[in-house]
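# Reading the structure
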Amino acid sequence: DAGVTQSPTHLIKTRGQQVTLRCSPKSGHDTVSWYQQALGQGPQFIFQYYEEEERQRGNFPDRFSGHQFPNYSSELNVNALLLGDSALYLCASSLPHRGAYGYTFGSGTRLTVV
Amino acid sequence: DQQVKQNSPSLSVQEGRISILNCDYTNSMFDYFLWYKKYPAEGPTFLISISSIKDKNEDGRFTVFLNKSAKHLSLHIVPSQPGDSAVYFCARVQTGANNLFFGTGTRLTVIP
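First, a word on scope: everything that follows refers to the structure included in this document.

Conventions adopted
- The residue count restarts for each chain, going from 1 along the sequence in the order it is written.
- For this description, chains carry letters from A and ligands carry numbers from 1, given in the order in which they are written.
- Local features in a predicted model are, by the rule used here, given only for residues with pLDDT of at least 70; side-chain atom pairs are given and counted only at 80 or more, and totals for whole chains, interfaces and linings are based on all residues.
- As a rule here, side-chain values cover all heavy atoms of the structure and leave hydrogens and water aside.
- Under the scheme used here, helices are H or I runs from DSSP no shorter than 4 residues and strands are E runs no shorter than 2 residues, and both carry numbers assigned from the N terminus.
- Note on method: radius of gyration uses C-alpha positions; expected globular size equals 2.2 Å times residues raised to 0.38.
- In this scheme, a residue with accessible area under 20% of its type's maximum is buried, one over 50% is exposed, and one in between is partly exposed, where area comes from a 1.4 Å probe on protein chains only.
- In this analysis, two residues are considered to be in contact whenever any of their non-hydrogen atoms come within 4.5 Å of each other.
- The patch calculation keeps residues exceeding 30% relative accessible area without a salt bridge and links them within 9 Å when they carry like charges or within 5 Å when they are nonpolar (Val, Leu, Ile, Met, Phe, Trp, Tyr).
- A 1.4 Å probe and the Shrake-Rupley method give the accessible areas. Residues count as covered only by the protein chains that appear here.
- A side-chain nitrogen of Lys or Arg and a carboxyl oxygen of Asp or Glu constitute a salt bridge if their distance falls within 4 Å.
- Gly counts as polar in this scheme, as do all residues outside two lists: the nonpolar Ala, Val, Leu, Ile, Met, Phe, Trp, Tyr, Cys and Pro, and the charged Asp, Glu, Lys and Arg.
- The rule for pairing is simple: two strands pair if DSSP sees at least two bridges between them.
- Only the stretch in contact is used when fitting a helix axis, every axis being a line fitted to C-alpha atoms; angles between N-to-C directions are given from 0 to 180 degrees.
- Take the buried Ala, Val, Leu, Ile, Met, Phe, Trp, Tyr and Cys residues and link them wherever side-chain atoms come within 4.5 Å; each set so joined is a nonpolar core.
- Disulfides are defined in this document as cysteine sulfur pairs within 2.5 Å.
- Note on aromatic pairs: the rings of Phe, Tyr and Trp (six-membered ring only in Trp) are paired at centre separations within 6.5 Å, and the planes decide the class, stacked below 30 degrees, edge-to-face beyond 60, tilted for the rest.
- Here, over-ring charges are defined by two tests on the NZ atom of lysine or the CZ atom of arginine: distance to the ring centre within 6 Å, and angle to the ring normal within 35 degrees.

### So, the overall build of chain B
Scanning chain B from N- to C-terminus turns up 0 helices and 11 strands. When its helices and strands are written in sequence order, chain B yields β-β-β-β-β-β-β-β-β-β-β. In terms of C-alpha radius of gyration, chain B reaches 13 Å, essentially the compact-globule figure of 13 Å for 112 residues. Overall, chain B is about 40 × 30 × 20 Å in size when its C-alpha atoms are taken along their principal axes. A buried classification covers 46% of the 112 residues belonging to chain B. In chain B, 53% of the contacts between residues at least 6 apart in sequence involve partners at least 24 apart.

### Re a nonpolar patch on the surface
The grouping of Ile18(B), Ile20(B) and Val78(B) at the surface amounts to a nonpolar patch, some 220 Å² of accessible area in total. Structurally, Val78(B) is set in the loop between strand S8 (72–77) and strand S9 (86–94).

### Focus: the interface of chain A and chain B
Between chain A and chain B, the residue contacts involve 19 residues of the former and 19 residues of the latter. Linking chain A with chain B are 0 salt bridges, by the criterion used here. Breaking the side of chain A that touches chain B down by element, the ones donating at least two residues are strand S4 (31–37), strand S5 (44–50), strand S6 (53–57) and strand S9 (87–94) of chain A. Looking at the side of chain A that touches chain B, its residues break down into 9 nonpolar, 9 polar and 1 charged.

### A word on the sheet that holds strand S8 (residues 74–78) of chain A
Residues and elements named next belong to chain A. Taken in spatial order, the 4 strands line up as S1-S3-S8-S7 in an open sheet, and their pairing is antiparallel. Looking along the sheet, the strands with just one partner apiece sit at the ends: strand S1 (5–7) and strand S7 (64–68). Here the strands of the sheet are splayed against their neighbours by 20° on average, with no regard to which way each runs. Two elements, strand S3 (residues 19–24) and S8, share 5 bridges in a ladder whose sense is antiparallel. Pairing of Val19 across the sheet is with Val78, part of S8.

### Quick look at the pairing of S3(A)
For S1(A) and S3(A), the ladder comprises 3 bridges, and the chain directions are antiparallel. Residue pairing in the sheet places Ser7(A) in a bridge with Arg22(A) of S3(A).

### Digging into the nonpolar core
Among the nonpolar cores identified, the biggest contains 22 residues, and Tyr25(B), Phe33(B), Trp35(B), Leu73(B), Leu75(B), Ile77(B) and Tyr88(B) are the most heavily contacted of them. Listing elements by their share of this core, those giving two or more residues are strand S3 (19–25), strand S4 (30–38), strand S5 (45–51), strand S7 (62–67), S8, S9 and strand S11 (106–111) of chain B. If you look at the next biggest cluster of nonpolar residues, it comprises 20 residues, including Leu11(A), Ile46(A), Tyr49(A) and Ala87(A).

### Things to note about the state of the cysteines
All names here are of chain A. With the rule as written, the count across this model stands at 2 disulfides over all chains. In this model Cys23 forms its disulfide with Cys91; the gap between the sulfur atoms is 1.8 Å. The sign of the S-S torsion, about -65°, decides the handedness of the disulfide formed by Cys23 and Cys91: left-handed. Here Cys91 lies in strand S9 and Cys23 lies in strand S3, a separation of 68 residues in the sequence.

### As for the environment of Val93(B)
With respect to the secondary-structure elements, Val93(B) resides in strand S9. Between the C-alpha atoms of Val93(B) and Phe30(B), which are 63 residues apart in sequence, the distance is 5.8 Å.

### Details of the packing of aromatic side chains
Evaluation of the coordinates by the stated rule reveals 13 aromatic pairs over all chains. When the centroid spacing of 5.5 Å and the interplanar angle of 85° are considered together, the rings of Tyr103(A) and Phe105(A) count as edge-to-face. The burial state of Tyr103(A) is the same as that of Phe105(A); both residues are buried. Taking the centre distance of 4.6 Å and the plane angle of 45° together, the rings of Tyr25(B) and Phe33(B) count as tilted. For Tyr25(B), a relative accessible area of 6% translates into the label buried. Of the residues examined, Phe33(B) reaches a relative accessible area of 2% and is grouped as buried. Taken together, Tyr35(A), Phe45(A), Tyr103(A), Phe105(A), Tyr36(B), Phe46(B), Phe89(B) and Phe102(B) form an aromatic cluster joined through their ring pairs. It is Arg92(B) that lies over the ring of Phe101(B); its NZ or CZ is 4.1 Å from the centre.

Structure representation (structure tokens):
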């Protein structure tokens, strides 16, 4: 049973560029949440998608946007990249009735902005 | 507003001894507190949780204590094993929300 799959595992982008990160949820899960973990910090909630809609959003600017597809997979898009966007981006999937209590995390995408 | 704090960035413990990881919080409107363990190049994995109405929850070598008057929770690992070496995050689930608020983590090193 595959867990949460994220791609790519690493990437390097230049300041001002745009990036798309991808996440496939665990089998049977239909809710996807995205977190940003900066160096030396704990993960911070970006947003959550359920039924192809953004259900909840954390304190992140509009440069961060997302999408969920009918197969429950999700994308995180970041526009106009800043050096401060360098971080590990974690995707977590869950069942809606479990909320954050039932998260399964992926291994993350390490984004470096130069 | 950081509502869960882990003030110790690192902890070293001898194998077989007890590891105690601490977390403080500033707000009591929670359903659950959770502990996650994270190895390098892996995502956080759920370890143990405690409801805000309980004082203690135990699962094998892991016990979490909640001191509501002090707004403090702790994770005890007994006995500590080298495989327990990882970063441990405490997190809370806010009432009515679906997202976790994480602390900054404590890196535990268990020395063989």
